[in-house]
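# Descriptive structure summary
Spelled out, the chains give:
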Amino acid sequence: MATDRIRIASFNVENLFSRARVLGAPPGVADPVLDAYTRVNELFEHETYSAADKDEILRLLKVLKLLLDDGDVERPDTFAVLRRIRGQLLKRPRDGGADDIFVVADGRQDWVGWVELIKDRTDSTAMANTARVFTEIGADIVGVVEAEDRNTLQRFGFTLIRDDNGDPRYPHVMLIDGNDKRGIDVGIVCTDRYPLQDIRSHVDDGPIEDRVFSRDCPEYRFRFPADSGLAGESFVILVNHLKSKFGGHQSASDQRRKQQAEQVAKIYHRLRDEGVEHVVVLGDFNDTPDSDPLQPLLAATDLTDISAVHGFDDGGRPGTLGNGTAHQKIDYILLSPSLFARARGGGIFRKGVWGGVHGTLFPHFDTIEGPQQAASDHAAVFADLDIS
């Protein structure tokens, strides 16, 4: 491993060992289910259920196919189950139909339970291909998007990503559970050369009923190695997964994503005001460079996308999602001026992605025989920085 450069990567792994079943469904199927799942769990927390609350609960449970029963993981068209721990939420008359079902709980104190998304195991070949992406990129630090939890991320890395000596390539693993109840979190993995120095979470930014970040925007602080030209100097990496475009509520999604971008920009400015010269902001921003929601980051700061560096290799496709078209550029590595001045290259690594209907748009691993075996729908992005 070269000691005069550092490679930093961003990779949306789309979960490692298990994934909510609904996330594999088409948007027209997935979006209403995800909306209903989020909203019904919010309603369950109301201290008192109004008549309107009860009507909405029934409507949402019907969308989730949980009105007639509590759900069954063995039914392939079922995406959620109703977990009841104590008390009773519904009355389902034995000989009645959907119109005869009513909510008997008058508030949160009358029962304990929630709706839970069903998770399916990730294809083992897809899991191995995900690890292969990490190995072939060979980054020193990887910001990981859509990992289930820290133990899963650590187990995945320790088991499947090894160096030439057979040791874990990424012995340093950190992930703080965020605000997404589906188990979609952001974390980081690092080589021995870059142990974590400090962590700061932003899961609690914003009012308790409306947190800013859907997941988190953690600050991970490192120091450049003693044998580098920046010996001892700190650098901070912010890992992000901004609000997605699902649910048919484009205006609300855009507004939320812009609010998150503004908050990331505030965190960045605060770091710079504190004297931190070297900052990286990376992750899945779920929007394109020309979009209004991302302008607080891309236009109103001095951060620069690694794709602007001379020699950046995108393989002729600027996008990072799916087929890599321009409107599919949603994954980023942004660098503060001091780091962009040291950027010597970078690229988009697509070998873990199945491109096009037949997988023929660009080269992929020979172990990928179909989309279900792809490492992810997202290509990884990496940046090479000179630290001599």
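Residues numbered from 1 in each chain as written. Predicted model: local features only at pLDDT ≥ 70, side-chain atom pairs only at ≥ 80, totals over all residues. Heavy atoms only, no water.

## Things to note about the side chain of H278
Examined against the element boundaries, H278 turns out to sit in strand β14 (residues 278–284). What makes H278 buried here is its relative accessible area of 4%. Within the structure, H278 has its side chain in polar contact with the side chain of E233 (distance 2.7 Å). Within the local environment of H278, its side chain forms a polar contact with the side chain of S338, the two groups lying 2.7 Å apart. Ignoring any residue separated from it by four or fewer positions in sequence, one finds H278 in contact with F224, L230, E233, S234, F235, V236, S336, S338 and L339. (Helix = DSSP H or I, 4+ residues; strand = E, 2+ residues; numbered from the N terminus. Buried < 20%, exposed > 50% of the residue type's maximum accessible area, 1.4 Å probe, protein only. Polar contact = N/O pair within 3.5 Å; in protein donor to acceptor, adjacent residues only side chain to side chain. Contact = heavy atoms within 4.5 Å.)

## Thoughts on the nonpolar core
Core analysis: the largest hydrophobic core is formed by 33 residues, its most contacted members being I141, I188, F222, I237 and I306. Core analysis: the next-biggest nonpolar cluster, separate from the first, contains 30 residues, A20, A36, Y37 and L67 among them. (Core = buried A, V, L, I, M, F, W, Y, C linked by side-chain atoms within 4.5 Å.)

## Observations regarding empty space enclosed by the protein
Picture a little ball the size of a water molecule; that probe, rolled over the atoms, points out where space is still empty. Taken as a whole, this structure holds one cavity of 30 Å³ or more when the rule is applied. Estimated volume of the largest cavity: approximately 50 Å³. F134, L153, F156, G157, I161, Y170, V173 and V189 together form the lining of the largest cavity. Residue classes in the lining of the largest cavity are distributed as seven nonpolar, one polar and no charged. (1 Å grid on protein atoms, 1.4 Å probe; cavity = no way out; pocket = protein on both sides within 12 Å on 5 of 7 lines; lining within 4 Å. Points joined across faces, edges and corners; volume = space filled by probe spheres on them. Nonpolar A, V, L, I, M, F, W, Y, C, P; charged D, E, K, R; others polar.)

## Observations regarding helix α4 (residues 150–160)
Along α4, the residues that are buried comprise T152, L153, F156 and G157. Buried residues in α4, looked at end-on, bunch into an arc of 125 degrees, giving them a common side. Among the exposed residues of α4, those oriented more than 90 degrees off its buried face are N151 and T159. Where α4 starts, the residue carrying a side-chain oxygen 3.2 Å from the main-chain nitrogen of N151 turns out to be D149. (Arc of directions from axis to C-beta.)

## Regarding the sheet that holds β14
Overall, mixed pairing links the six strands, which are arranged β11-β12-β13-β14-β16-β15 in an open sheet. Looking at the sheet topology across the chains shown, the edges are occupied by β11 (198–200) and β15 (304–305). Pairing geometry for strand β13 (residues 234–241) and β14, over seven bridges, is parallel. Across the sheet, the residue bridging to L238 is V281, located in β14. Against the sheet, helix α5 (residues 250–273) touches β11, β12 (219–223), β13 and β14, its axis set at about 175 degrees to β13. (Pairing = 2+ DSSP bridges. Axes fitted to C-alpha atoms, helices over the stretch in contact; angles between N-to-C directions.)

## What to know about the layout of surface pockets
Its volume calculated, the largest pocket comes out at about 1400 Å³. Secondary-structure elements contributing two or more residues to the lining of the largest pocket are β2 (18–20), α1 (27–44), β7 (119–121) and α3 (124–137). Looking at the lining of the largest pocket, its residues break down into 20 nonpolar, 15 polar and 14 charged. In this structure, the second largest pocket encloses a volume near 1200 Å³. Lining the second largest pocket we find 30 residues, and of these T38, E42, D210, K243 and R256 sit closest to its centre. Contributions of two or more residues to the lining of the second largest pocket are made by α1 and α5. With seven residues, the single largest contributor to the lining of the second largest pocket is α1. Looking at the lining of the second largest pocket residue by residue, the class counts come to six nonpolar, eleven polar and 13 charged.

## So, the environment of G143
Positionally, G143 belongs in strand β8 (residues 141–147). The class for G143 is buried, based on a relative accessible area of 0%. Through-space distance from the C-alpha of G143 to that of A9 is 6.2 Å; in sequence the pair is 134 residues apart. The residues touching G143, leaving out its near neighbours within four places in the chain, are A9, S10, F11, G187, I188, V239 and L282.

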